[in-house]
Amino acid sequence: MAQEPGAEPMARRGEETSGGSTELADLATLKALAQPRRQRMLQYLTVHGPATSATLARALGLNTGATSYHLRELARYGFVEEVDRPAEAGGHGRERWWRAVPGDRRFPPRSRQTPEMRLVMDELNHHAYAADLELFEQMQLQLQMQRLRTRGVDGEAGETDPWVDAFPYSRGSIRLTLPELRAFFEEYIALLNRYKRPEADTPPGARAVLTRFLAFPAPVTVPEAKPDAAPENRPAPHDRPGSELS
């Protein structure tokens, strides 16, 4: 899901754009997506692949009645779809399996959102950002605990999961015009799509990696004049994993 930076009018409700993206401009669709449990279910399906309502209920601490209802609502708006039972799956053939429907879905820019739509978007983003941060910290802790459990009797660390360092991040600032920011965003989406491939083409050892992109204009402040104060010249901060530039 993405929201374009300062985008010009794109598509009508639910219409696919020339670039293959679809704008979610329907309030009912946004409300269906914003439900926190549905967000958790979609994330599970995205990371772990197809699942049944019972699997989702066990994994997320819900009851099967709730997961079945939310799956039907997500399917109604095109976010999930029913698939054939995987060959390697156990259980019986009557179980219904669901998968997250892939696609480049985008939210309308804030300037074109109605007041009610903004409330829904704010709620959706609030839960999504909080869930992302919680999962990021949870995965870091989980891999660290796995490393500690592999320590030998001599206290030396045992074999380390190579994914323990798979948490790159970057914080920085750049000066852009709105057209440049739009181009920057589209290049990021294109980079993601370049690495998306069918399961059959995915190399051994690959696993699902969650990516997030967040950009916003820096606040415009006018500092108060200070008599006899020498002006400060400091470069904009830019932090990268394992390094700090100042």
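Preceding block: the structure.
Residues numbered from 1 in each chain as written. Predicted model: local features only at pLDDT ≥ 70, side-chain atom pairs only at ≥ 80, totals over all residues. Heavy atoms only, no water.

**Some thoughts on the pairing of strand E5 (residues 97–100)**
One face of the sheet, then the other: side chains in a regular strand alternate in exactly this way.
Then comes step 1: Looking at chain direction, strand E3 (residues 51–52) and E5 are connected through two bridges and run antiparallel. Bridged to Ala51 within E5 is Trp98. (Pairing = 2+ DSSP bridges. Helix = DSSP H or I, 4+ residues; strand = E, 2+ residues; numbered from the N terminus.)

**A look at helix H6 (residues 178–195)**
Because each turn of an α-helix spans 3.6 residues, side chains separated by three or four positions in sequence point in the same direction.
Then comes step 1: Between its terminal C-alpha atoms H6 stretches 27 Å, which fits the 26 Å expected from 18 residues at 1.5 Å a residue.
Then comes step 2: Every buried residue belonging to H6 is among Phe185, Tyr188 and Ile189, and all of these are buried. Looking down the long axis of H6, one finds its buried residues gathered within 95° of arc, a one-sided arrangement. Exposed and oriented more than 90 degrees from the buried face of H6 are Pro179, Glu187 and Arg194. (Expected span 1.5 Å × (residues − 1). Buried < 20%, exposed > 50% of the residue type's maximum accessible area, 1.4 Å probe, protein only. Arc of directions from axis to C-beta.)

**Some words on the pattern of salt bridges**
Pairing between side chains of opposite charge can happen when their charged atoms approach one another.
Then comes step 1: Under the defined criterion, the tally for this structure stands at nine salt bridges.
Then comes step 2: Of the charged contacts in the structure, one is a salt bridge between Lys31 and Glu116, with a shortest N-O distance of 3.0 Å. Of this pair, Lys31 sits in helix H1 (residues 27–34) while Glu116 sits in helix H5 (residues 115–149), placing them 85 residues apart in sequence.
Then comes step 3: Exposure remark for Lys31: the relative accessible area of 43% places this residue in the partly exposed category.
Then comes step 4: Two residues, Arg110 and Asp122, come together in a salt bridge whose shortest N-O distance is 3.1 Å. On the criterion of sequence distance, the pair formed by Arg110 in the loop between strand E6 (104–107) and H5 and Asp122 in helix H5 is long-range, its members being 12 residues apart.
Then comes step 5: Under the relative-accessibility criterion, Asp122 is labelled partly exposed at 35%.
Then comes step 6: It is possible to trace a salt-bridge network through shared partners that takes in Asp104, Arg106 and Glu186. (Salt bridge = Lys/Arg side-chain N within 4 Å of Asp/Glu carboxyl O.)

**Brief notes about the environment of Ala75**
Then comes step 1: By secondary structure assignment, the location of Ala75 is in helix H4 (residues 64–76).
Then comes step 2: Taking the C-alpha atoms as reference, Ala75 lies 9.1 Å from Ala100; in sequence the two are 25 residues apart.
Then comes step 3: Ignoring anything within four residues of it in the chain, the contact list for Ala75 reads Val80 and Trp98. (Contact = heavy atoms within 4.5 Å.)

**Some thoughts on the packing of H1 against helix H2 (residues 36–48)**
Then comes step 1: Where H1 contacts H2, the two axes come as close as 5 Å, and the packing angle between them is 75°. Classified by the interaxial angle, the pair formed by H1 and H2 is roughly perpendicular. Mapping the contact onto sequence places Lys31, Ala32, Leu33 and Ala34 in H1 and Pro36, Arg38, Gln39 and Leu42 in H2.
Then comes step 2: Split into classes, the residues belonging to the contact of H1 with H2 amount to five nonpolar, one polar and two charged. (Axes fitted to C-alpha atoms, helices over the stretch in contact; angles between N-to-C directions. Parallel < 35°, antiparallel > 145°, perpendicular 65-115°, else oblique. Nonpolar A, V, L, I, M, F, W, Y, C, P; charged D, E, K, R; others polar.)

**A word on the sheet that holds strand E4 (residues 80–83)**
Then comes step 1: Strands sit in the order E3-E5-E4 across an open sheet of three strands; the sheet is antiparallel. Unpaired on one side and paired on the other, E3 and E4 mark the two borders of the sheet.

**Side note on the packing of aromatic side chains**
Then comes step 1: Scanning the model with the defined rule gives four aromatic pairs in all.
Then comes step 2: Where Phe136 meets Phe167, the ring centres are 5.5 Å apart and the plane angle is 90°; that geometry is what we call edge-to-face. Here Phe136 is found in helix H5, whereas its partner Phe167 is found in the loop between H5 and H6, with 31 residues between them in sequence.
Then comes step 3: Look at Phe167 and you get buried, because its relative accessible area is 17%.
Then comes step 4: For the pair Phe184 and Phe213, a centre-to-centre distance of 6.1 Å together with 40° between the ring planes defines the contact as tilted. Of the two residues, Phe184 is situated in helix H6 and Phe213 in the loop between H6 and strand E7 (238–240); the sequence distance between them amounts to 29 residues.
Then comes step 5: Residue Phe213 is classed as partly exposed on the basis of its relative accessible area of 32%.
Then comes step 6: The rings of Phe184, Phe185, Tyr188 and Phe213 are connected pair by pair, giving a single aromatic cluster.
Then comes step 7: Here the basic side chain of Arg207 rests over the ring of Trp163, its NZ or CZ set 5.1 Å away from the ring centre. (Phe/Tyr/Trp six-rings, centres within 6.5 Å; stacked < 30°, edge-to-face > 60°. Lys NZ or Arg CZ within 6 Å of the ring centre and 35° of its normal.)

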